[in-house]
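# Chains, contacts and geometry: an overview
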Amino acid sequence: MLTLSLKSHTTFPIELSGITPDAVRDKSLAELEKLAIWHGREQLALAELFGLMGNTADEELEFSGDLSAAVGVGAKMKSGKIRIDGHVGRDVGLGMWGGEIEVKGNAGDGLGSEMRGGIIRVRGSAGNFVGGARVGSTHGMTGGTVLVTGNAGNGVGCRMRRGLIAIGENAGELVGHHMLAGTIVICGTCDKNPGAGMKRGTICLANDNNAQLLPTFRYACTTHSPVLGMVGRRLQSLGFENDVWNANRQWQQFSGDFLAFGRGEIFLAG
Amino acid sequence: MIQTIDNVTCAACGLICEDVTLRVDNNRIVRVENACPLCEARLMDCSFDETGSATIDGKSTSPSAAIERAVELLASARAPLICGLAGSTIETQRAAVALADHLGATIDPAIPAFHRDAIVAMQSVGISTCTMGEVKQRADVVLFWGADPTATHPLLYERFLDPPGTFVSQGRHLIAVGARENNNRVDEFLQIDKSETLSVLTALRAIIGGIEVSQELIGEIRFEQLKRLASRLQKANYSVIFFGPEIGDSAEIEAIYLLVRQLNAKSRSAAIGLSGTLCENVLTWQTGYPCGVNFALGYPRYDPNAYSASTLLERGGVDAVLMVGSKGLEEMSPAALTRLVKLPVILLENAGSTSSLNPTVRITTALAGVHCGGTIFRLDGVPLKLRALCESSMPTAASVLTAIQEGICTSCV
């Protein structure tokens, strides 16, 4: 495992998008120390900002220190594992293809945005647009899993195309905004207008029976939904505690958004 | 002797009126006629003899010394930010973009929050819009959504809505939708709960799209009222929706754009944001992106949220600020302002304006449309010329920005 310890706290952006386990696998420690990274508008050697220890043979990286200013950790990674000891900045796992990212603290905006595969676990909370699309993009995440134990900001799963997002506590407004397909599970409550403009896909608000849905959603039925039970069990198997797995739970199912395509479904606690 | 200057162009708001009359006595504007209060506040008491001033840490200095200090501050910064530019001319913006590119800085024009959301919404769903000329000649139904033009664009009615339109035979019908009735020049007002704007717009779109809605009361409006509004919009030959600062986020503006798209299926409809003069066009044609552009890596990168001046300042991602015009301060969050006062700031301020900010370097520059000419974009994107009303020795903002860039080039050699 390669450990990268941030030498001193900084609030200027550190661009870490090229430092992924698969990209640095064949590099020696000396080569890695000289690797150029951007800090603000200055290009520095990696060793000027981070203390490096270990090797990359097992495709595991561990970042320690407050990385709130780091941008794009694990972006476009294909395989391996990245562990972040504390908080981390925006665009973690942006467009990642595979592998695993684990964040012990909070993550910034754009967590797992436009990811195609792999899994991201955040023990703390996440910012806006978890698994979403970048401004102007047509698709958010198209595969993979994002698990956030704490809260999430606005626009969870904005324009998501495929994949699974689970939020352990509460989410902001516009969950699944313009969602094309995929599954979002919010274990707590969410702010106004979940599912606005959703075409297909599933949003489960596990402990919310009073969510403010748009007028273009219609009550469909009250159901036990075995599929949600399967989703819950899948989340449990990934180590994500939830109360969706119980196939005996009752759910109120709503369909919408009829202004978009109307094949989406929102499940509220029964 | 009092001198009269006719047909002066004013850049105080996004409408850019071109028929202002000025009375000038002893090289000072003593009367502003045919103008709104905003124009009067901008031009009244403006002196043609103004020579400009420069300060470093509050002490008077020469402009060249101030530029030298600005060069030092920016050249040594790790993450500089160029912001402001509200109401700036194309020439100034072009110089600011070139400087940002050269420096590797972030550049973010000070655009109102709702206008930033409108840009994001336009990139998501597109826009169907028109010029103010079309509004004047063709619009028979005008809907104001969350906007109060009597305060922000005082001459909108007089210039574009009150005169009879060539293709408006039966008069215009004006409607306002908003949280409070502040526009008494409309025929109809619908009060809504601002937090439910998206629900109301969605219901309106559903009615027009023939989708069944079962709720009786949506955002404080009865469904029947919404049906009447939808019918009015559908029956219009040419409807125009003006939206303003009460709109909360890009999802709501997207809904307005989509509503306009639906209306266009059977008649003509357009949406226009009631903002100030456009300060994103130059950045868009130079870099491809309208706001929040970062050049740190040597090429432009775009993020309207992460690279916005307020977000960068709040998160401590900036160590020197070049602000062009003090109008940008109005668009900053309180947290960003708290950070801003602790940073080295270079402020290029228009002659006649005094901001509360105490910058490290302050350089007074010529006021476009009085001391110097230039080109500016009206709120509908039409470029209009501002002319110099006098010969002035004051430096323009563009020339100061170019001098700073040249200084940085020299210091790098």
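Bear in mind that the values here come from a model prediction, so they are computed numbers and not experimental data.

## Some remarks on the overall build of chain A
Secondary structure assignment for chain A yields four helices and 17 strands. Here the C-alpha radius of gyration of chain A, 19 Å, is about what a compact globule of 270 residues would show, namely 18 Å. Overall, chain A is about 60 × 35 × 25 Å in size when its C-alpha atoms are taken along their principal axes. Sorting the 270 residues of chain A into buried and exposed places 60% on the buried side.

## Let's talk about the sheet that holds strand S6 (residues 80-84) of chain B
As a general point, the strands of a sheet are linked pairwise by backbone hydrogen bonds and lie either parallel or antiparallel. Residues and elements named next belong to chain B. Read from one edge of the open sheet, nine strands run S5-S4-S19-S18-S17-S6-S7-S15-S16, paired in mixed fashion. Lying at the two open borders of the sheet, with one neighbouring strand each, are strand S5 (59-61) and strand S16 (301-302). Relative to strand S7 (residues 106-109), S6 runs parallel, the two sharing four bridges. Paired with isoleucine 82 across the strands is isoleucine 107, a residue of S7.

## Examining the pairing of strand S17 (residues 320-324) of chain B
Residue and element names in this part refer to chain B. Counting buried positions over the five residues of S17 gives five, a clear majority of the element. Burial of the side chains of S17 extends over both faces: Ala320, Leu322 and Val324 are buried on one face and Val321 and Met323 on the other. By the bridge criterion, four bridges tie S17 to strand S18 (residues 345-350) in an arrangement that is parallel. When the sheet's bridge partners are listed, methionine 323 is paired in S18 with leucine 347. Read from S17 through helix H13 (residues 334-340) to S18, the crossover connection turns out right-handed.

## Quick look at the packing of aromatic side chains
Under the counting rule described, the total for this entry stands at eight aromatic pairs over all chains. Consider the rings of tyrosine 219 of chain A and phenylalanine 254 of chain A, whose centres lie 5.6 Å apart with planes at 70°: the pair is edge-to-face. One end of the pair, tyrosine 219 of chain A, is in strand S15 (residues 218-223); the other, phenylalanine 254 of chain A, is in strand S16 (residues 251-256), with 35 residues separating them in the sequence. Residue tyrosine 219 of chain A is classed as partly exposed on the basis of its relative accessible area of 47%. Taking relative accessible area as the criterion, phenylalanine 254 of chain A reaches 14% and is therefore assigned buried. Ring centres 5.5 Å apart and planes at 15° place the aromatic pair phenylalanine 144 of chain B and phenylalanine 242 of chain B in the stacked group. Linking phenylalanine 144 of chain B in strand S8 (residues 141-145) with phenylalanine 242 of chain B in strand S13 (residues 238-243), this pair joins segments that are 98 residues apart in sequence. In terms of burial, phenylalanine 144 of chain B and phenylalanine 242 of chain B fall into one category: buried. One aromatic cluster is present, built from ring pairs that chain together Phe114, Phe243 and Tyr257 of chain B. Residue placement shows arginine 90 of chain A over the ring face of tyrosine 307 of chain B; its charged tip is 4.9 Å from the ring centre.

## A closer look at the interface of chain B and chain A
Counting residues at the interface gives 45 residues for chain B and 31 residues for chain A. Linking chain B with chain A are four salt bridges. For the side of chain B that touches chain A, the secondary-structure elements that each account for two or more residues are helix H2 (63-75), helix H4 (113-125), helix H8 (197-209), helix H10 (250-263) and S16 of chain B. Of all the elements, H8 of chain B adds the most residues to the side of chain B that touches chain A, at six residues. In the side of chain B that touches chain A, the residues fall into 22 nonpolar, twelve polar and eleven charged.

## Let's talk about the environment of isoleucine 111 of chain B
Inspection of the secondary structure assignment puts isoleucine 111 of chain B in the loop between S7 and H4. Beyond its immediate sequence surroundings of up to four residues, isoleucine 111 of chain B is in contact with Arg116, Ile119, Cys279, Glu280, Cys291 and Glu331 of chain B.

## As for the sheet that holds strand S3 (residues 28-33) of chain B
All names here are of chain B. Read from one edge to the other, the open sheet built from three strands follows the order S1-S2-S3, with strand pairing classed as antiparallel. The open sheet has two free edges, formed respectively by strand S1 (3-8) and S3, since each of these has just one partner strand. Between one strand axis and the next, the sheet turns by 25° as a mean value, whatever way the strands run. Direction of pairing for S1 relative to strand S2 (residues 20-25): antiparallel, over a ladder of four bridges. Across the sheet, the residue bridging to isoleucine 5 is leucine 22, located in S2.

Scoring rules and cut-offs
- Residues numbered from 1 in each chain as written.
- Chains lettered and ligands numbered in written order.
- Predicted model: local features only at pLDDT ≥ 70, side-chain atom pairs only at ≥ 80, totals over all residues.
- Heavy atoms only, no water.
- Helix = DSSP H or I, 4+ residues; strand = E, 2+ residues; numbered from the N terminus.
- Rg over C-alpha atoms; globule rule 2.2 N^0.38 Å.
- Buried < 20%, exposed > 50% of the residue type's maximum accessible area, 1.4 Å probe, protein only.
- Pairing = 2+ DSSP bridges.
- Right-handed = clockwise from strand over helix to strand, strands pointing away.
- Phe/Tyr/Trp six-rings, centres within 6.5 Å; stacked < 30°, edge-to-face > 60°.
- Lys NZ or Arg CZ within 6 Å of the ring centre and 35° of its normal.
- Contact = heavy atoms within 4.5 Å.
- Salt bridge = Lys/Arg side-chain N within 4 Å of Asp/Glu carboxyl O.
- Nonpolar A, V, L, I, M, F, W, Y, C, P; charged D, E, K, R; others polar.
- Axes fitted to C-alpha atoms, helices over the stretch in contact; angles between N-to-C directions.

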